[in-house]
Amino acid sequence: MSAILLIVVPLLAAFISILFKKASPYILLIVSFASVIVLGYIELEVITIGGFASPYGINLVFDQYSLIGLYIVNTLFFLVVAINCVKFKEMSTILLIALAGLNGLLLTGDLFNLFVFIEISGIAAYLITATNKNPLATFNYLVAGTVGSSLYLVGLIILYAMFGTLNMADMANEIAVSGVDASLVAFPFLLMFIGLGVEAKLLPFNSWVKGILASSNKLTGPIIASVYAATIGFVVGRLLTSVFVFSDTLGLVITIILLASIIAGEAMAFSSNKVREILLFSSIAQAGLVVLVFLQGFIGWGVFLVVANAAGKFILFTVTNHASDELGTDEVNDLKGLFVNNKIVGLAFTVASLSAIGLPVFLGFVVKMNILGDLFAEGNLFIPAVILITSVVEGIYFVRLLIKLWYKEHDLPVVQYDFIIKYVVVILAILIMVFGVYTAPIETEANDLDLISFVEGGNL
Amino acid sequence: MLQYVAIVLIMLGLYGLLTQRNIIKIIVSLNILEIGVNLFIVSVGFVDGGLAPIFTSTYNSSVDFSFVDPLPQALVLTAIVIGVGTTALGLALAKNIYQKYGTFEIDEMGEE
Amino acid sequence: MASIELIIVFTALAGVLSYFVGRLNKVAGSVVTILASMFVFVSVAYFGYNNELIHSTEFLPYVTFSVTYLGLFFAILVTFIFAMVSFFNPFFVEKYKYPALYSMLYLLSLAGVLGVFFTNNFMSLFFFFEFVVWTSLFLIPMGRSKRAASSYYAFSTVGSFALLFAIFIMREASGTFNIVSSMASVNGTEAAIVSALLAVAAFAKLGAFPLNVWLPRVLGNSPDAISAVFSGGLEKLGAFVAVLALVKLAPFGYVVDATGLAASQYVIAALGALTIVFGTLMAIRQDDAKKLLAYSSMSNGGYILVALTIASSASVSGGLYHVVAHALASTAAFLAIGAVSRITGTTKMSELGGMIHKMPVTYLVYLIAIISMAGIPPMGGFISKWLIFQAVIDKGMILVAVAVFFGSIGSFLYVFRPLAALFLGQELPQHREVSKEAPFFMLVPMVILSGLIIYTGVLPNFFLGFINNVLTEVGVTPLVIGSYTVTGTNGVLQPALIASVFGVGVLIAFIIFIVLKKSRKVGLMDTYTAGNFIYTEELMHYSLDFYAPLERLYEKYINITKDFYKRLENKVVDLGRLMKYYFFTNKPEIMVLWIIIIMGIILWGDIL
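Just so you know, these numbers come straight off a predicted model, no measurement behind them. In this convention, every chain numbers its residues from 1, walking through the sequence in written order. Here chains are named by letter from A upward and ligands by number from 1 upward, in the order in which they appear as written. Only residues with pLDDT of 70 or above have their local features reported here, since the model is predicted, and side-chain atom pairs are shown and tallied only from 80 upward, although totals for entire chains, interfaces and linings are computed over all residues.

A. Seen up close, the overall build of chain B. Every helix listed is a DSSP run of H or I at least four residues long, and every strand listed is a run of E at least two residues long, numbered separately from the N terminus. A count of helical and extended segments in chain B gives 3 helices and 0 strands. Counting from the amino terminus, helix and strand elements in chain B follow one another as α-α-α. Between the two quantities, the radius of gyration covers C-alpha atoms and the globule rule is 2.2 Å times the number of residues to the power 0.38. Taking 112 residues into account, the globule formula puts the C-alpha radius of gyration at 13 Å, and chain B, at 20 Å, lies well above it. Along the first, second and third principal axes, the C-alpha set of chain B runs to 70 × 25 × 15 Å.

Encoded structure:
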């Protein structure tokens, strides 16, 4: 079996599902479940498409890195679908296309192909967010996404003109061989970084996020904040650690952007009174942290930061968005006491938020400690200080939120969680706890990932 | 020369996005931006006095001449298609927005 | 023989067990906490004292343990406090919103505390530190205030992160997380930074000025049993870190020749003195007995800091002895207040009175506790304060000495107020019918604590002997102690003699009390003022605004720290709002503008 099936089958299923409208949710469910299962049976390899050898043709890179990405993204995607496929039947076709696009993003080893998949998954995302019933926000998302990907394309073409290749691994190689001064490639890289930054929710480029996530529902919240965020995290990770070369000026500018993104994200979450806003601003800060970690070159722990965030945000957004869908409000004060009658869901939510803060026994703690340790080992004192100070702020608003959601005596909000949500969030929460305690497999995996050289893998 | 035109178009597009508050005008600006990008891509492959990159019966390897780079043209085709898709989606959203707010002017819609 | 690892795992598992038992039956779940924490205390104390604790690990990854006298000292003390307080759980658990969770978190935080004291690895130390933070965090809002928990979280994470920063700096210097070797490896500026950061952690955990805001909130508003645990147990984590920061690491800064003290010692002693003064003045103002004890805990934290930073043999042993004395006394006092509030539902002094008639034992427990807190012989608090006074005067820290004495005198002023207001005076009509003595199992821990308070005051040598082991371990000359005497720098103390003189005095007073005529009980209404009959009894309550003239002197300044943090919070909120206003509108042009600005910056940079 070849990894290309992960892209082709959902695309094909998308066309089929147009023909069989009634069966489309089931097609979606089966296909998304199958892509998780199939992952276990595919061998790690680099797939050449259309018989053109690697630097000339498009190739898909199915290595350890993309395997983890595919596992996490496909699993979370399947869980989102399992929760929502009945309610959002008309979205089935689009979700299938989104799945194809996301898998493509994770697999592709070609920079232009990446652009195509960004647009495919982007267009799917615009359509999915149309279910928010907030067309203006979706329109903003569309404008931002299009501008971003256009800039990415311009940057890419400049690089193509300079080095004559579009293959990621080959590009990295060419840049290294040609010995070009890093400041010469700074501009195209900046353009590409901005393009990805729009999707990755980095601060000045993310004005769309609030409109989308603050009015998100049970489908869009988890899928944008968790599945899409994880995918784009993996893509940024691959490009930053393997392809991009940063000059000092550019590195400084980007580090400042990222630190500003983290600080502003936490401050904005701190000043919010709506649950969804708190979560979305917190995820902006987390996105900044993810990119920062990759920028420092920590592949292994960066990957697990993405994974921890994705799992956590999935739980948080599913729980709150279900409640706000039912109640029609997401003011913290209206949701007070939400968990008094929903203890199981509440526990999962608590686990996810404690993990996001980085408290021990949860996955977030392991990841955060290792990242901080690595940063210190590089002699970097400023970035850890910023991370620690912001996580105090983060902790305060999460703790406040948790206490408000757990403690109230009278007039409790009435929200019923169906059993599937309960199962899904509880299983994820248990996984977060298990890997927070049993850290050995994560650590070996992270160390393995650090050793992977994408350049070698891509050119095989 | 073509590059400058393309860059000017990109700048025009960005200027339009920066200044326009009308949904349709924003979509038009996006299109201008995309056309600029597409032109820029094509211009990269241009070789002065180059031939179309097709092996024909008249092709003679002994004569020294150069082909135009075919890859940007392939890329530009894809980019155009994607651009059209986005524009269509944008217009569909514009319709939705008009139905909801009764106007195309963002300023008249009010903050959330 | 007992393995530390097994004890910790056992405690954690017992916590989980207590949750499930607690789901079936609330009280049964809390009984599990008693059994488990008693077991933990007995095994830690017995095996620890006989040097039979095994520190090898077999199950837990990355965690390594070692038994030090310092860790053992704190571990025995804190497990004892947990075990004593746990007797209160069954009687309070009905009132809590999540009783099963309460039992579980109670034991989990105990497990975390044990981990902190026994690990020899800084990373594990931080792990357990944070573990204690979040497990104890969710115990707080089961009481009266929901805000207390977030401010507790804020301050203790500031502390923990300072600790973490210090840990990583030490790791860079030594390449290891081992506590002993990494602390030994830092020197010069690094050592100064590390010791300052550790001091921040200690300040945050002890609730010392200026990181004091959380302490009164938490102690004043937690469930009654949890207030006792915080004051007697969890707050002592700060003292533990303070020993690491102040005693084990050398002080830094300009050294004053005459006294041999470095600048850092003066700064910390000054902050400790401020803590004492601030805590005392605030305690004087309180109407709520728990808040009052909370501020008293804060001022006692100041004593510990002052004592530890001087780092002479008298001061460190005084500081550590104060840790014991204060833990015992404040736990006993909080438990006594808790026993009262269980019946009356309030801890406000102006709403209480005359409880002595129905709760004589509780009264006695509280009396003994506050005598110790005020530092009056023959209770434990006297010994420790005597040692601290000696050290402070000996080092010539006049201003600090003034503050220390002020705190001692101030505590006379405030600790007797709850005594007079809650227990003495007239019985208030609303509590007359319901009040009765606390049940036997609540009296057991209180009486044990009282017994220990007296024991520590009469025969301090057993504990001081143990503390001398700690002193030798951290590199301070041990204190000279005889079998019944304690030798300070300025003289020899004979606590047993003092106690027997005191005992004779009490005996004479008791004989007079027996022999002379009995006093006559009168009702509250049975009184006249200026010839008028009293209709509203509550107006007769004399403890309201008791020290009003004194309070007027400083009431303008009481909120400085609170206001500072409030302003800080507002600044963060403002920043967030500003960012939201700038970046998150529903107009796409903002993003385009920023893109152009950033491209401009990078192009400009390249041209340069």
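B. Looking closely at the interface of chain C and chain B. Opposite the 7 residues of chain C that make contact, chain B presents 7 residues. Basically, the charged four are Asp, Glu, Lys and Arg, the nonpolar ten are Ala, Val, Leu, Ile, Met, Phe, Trp, Tyr, Cys and Pro, and anything else, Gly included, counts as polar. Its residues assigned to classes, the side of chain C that touches chain B shows 4 nonpolar, 1 polar and 2 charged. Here contacts are defined at the residue level, using C-beta atoms placed from the backbone and a cut-off of 7 Å between them.

C. Molecular detail of the packing of helix α8 (residues 186-199) of chain A against helix α11 (residues 248-270) of chain A. Residue and element names in this part refer to chain A. Fitting a line to C-alpha atoms yields each axis, with helices limited to the stretch in contact; the angle taken between N-to-C directions then spans 0 to 180 degrees. Axis separation between α8 and α11 bottoms out at 10 Å; the angle between their running directions is 20 degrees. The angle between α8 and α11 falls in the class roughly parallel. As α8 packs across α11, the resulting crossing turns out to be right-handed. Across the interface between the two elements, Ala186, Phe189, Leu190 and Phe193 from α8 touch Thr249, Leu250 and Ile254 from α11. A class-by-class count of the residues in the contact of α8 with α11 yields 6 nonpolar, 1 polar and no charged. Oblique is the label for any angle not covered by the other classes, which are roughly parallel (under 35 degrees), roughly antiparallel (over 145) and roughly perpendicular (65 to 115). Whether a crossing is left-handed or right-handed is set by the direction in which the near helix is turned from the far one by less than a right angle, anticlockwise for left-handed and clockwise for right-handed.

D. Layout of helix α13 (residues 299-327) of chain A. Given a helix with a known number of residues, its expected span is that number minus one, times 1.5 Å. The end-to-end C-alpha separation of α13(A) is 41 Å, in line with the 42 Å expected for 29 residues at 1.5 Å each. Count one or two residues on from α13(A) and you reach A:Gly328, which has phi positive near 75 degrees.

E. Fine view of the interface of chain C and chain A. Opposite the 45 residues of chain C that make contact, chain A presents 43 residues. Of the residues assigned to the side of chain C that touches chain A, the class counts are 31 nonpolar, 6 polar and 8 charged.

F. Just the sheet that holds strand β6 (residues 486-487) of chain C, in detail. All names here are of chain C. If you walk across this open sheet you meet the 3 strands as β5-β6-β7, and the pairing is antiparallel. The two strands at the open ends of the sheet, each matched to only one other strand, are β5 (480-481) and β7 (492-493). Relative to β7, β6 is paired through 2 bridges, and the arrangement is antiparallel. When the bridges of β7 are listed, threonine 487 appears paired with valine 492. Pairing between strands is defined by DSSP: at least two bridges between them are needed.

G. Seen up close, unusual backbone geometry. A cis amide bond links C:Phe209 with the next residue in sequence, C:Pro210, at an omega value of 5 degrees. Turning to its location among the elements, C:Pro210 is positioned in the loop between α9 (189-206) and α10 (214-221). We note that A:Val361 has phi near 80 degrees; this positive angle belongs to a residue other than glycine. Structurally, A:Val361 is set in the loop between α15 (343-357) and α16 (363-377).

H. Just the pairing of strand β2 (residues 59-62) of chain A, in detail. Residues and elements named next belong to chain A. For the exposure call, what matters is how many other C-beta atoms sit within 10 Å of a residue's own: 20 or more marks it buried, 12 or fewer exposed, and in between partly exposed, using C-beta atoms placed from the backbone. A two-sided burial pattern is seen for β2, the buried positions comprising Asn59 and Val61 on one face and Leu60 and Phe62 on the other. Bridge count for strand β1 (residues 45-48) against β2 is 4 bridges, and the pairing is antiparallel. If you follow threonine 48 over to β2, its bridge partner there is asparagine 59.

I. Region of the structure containing the packing of helix α2 (residues 24-38) of chain A against helix α3 (residues 64-84) of chain A. Residue and element names in this part refer to chain A. At a minimum axis distance of 9 Å, the contact between α2 and α3 shows a crossing angle of 155 degrees. Overall, the two elements α2 and α3 adopt an arrangement that is roughly antiparallel. Two packed elements cross with a definite hand, and for α2 against α3 that hand is left-handed. Only Asn74, Thr75, Phe77, Phe78, Val81 and Ala82 of α3 make contact with α2, whose side of the interface consists of Leu28, Leu29, Ser32, Phe33, Ser35 and Val36. Here the contact of α2 with α3 is built from residues that sort into 8 nonpolar, 4 polar and no charged.

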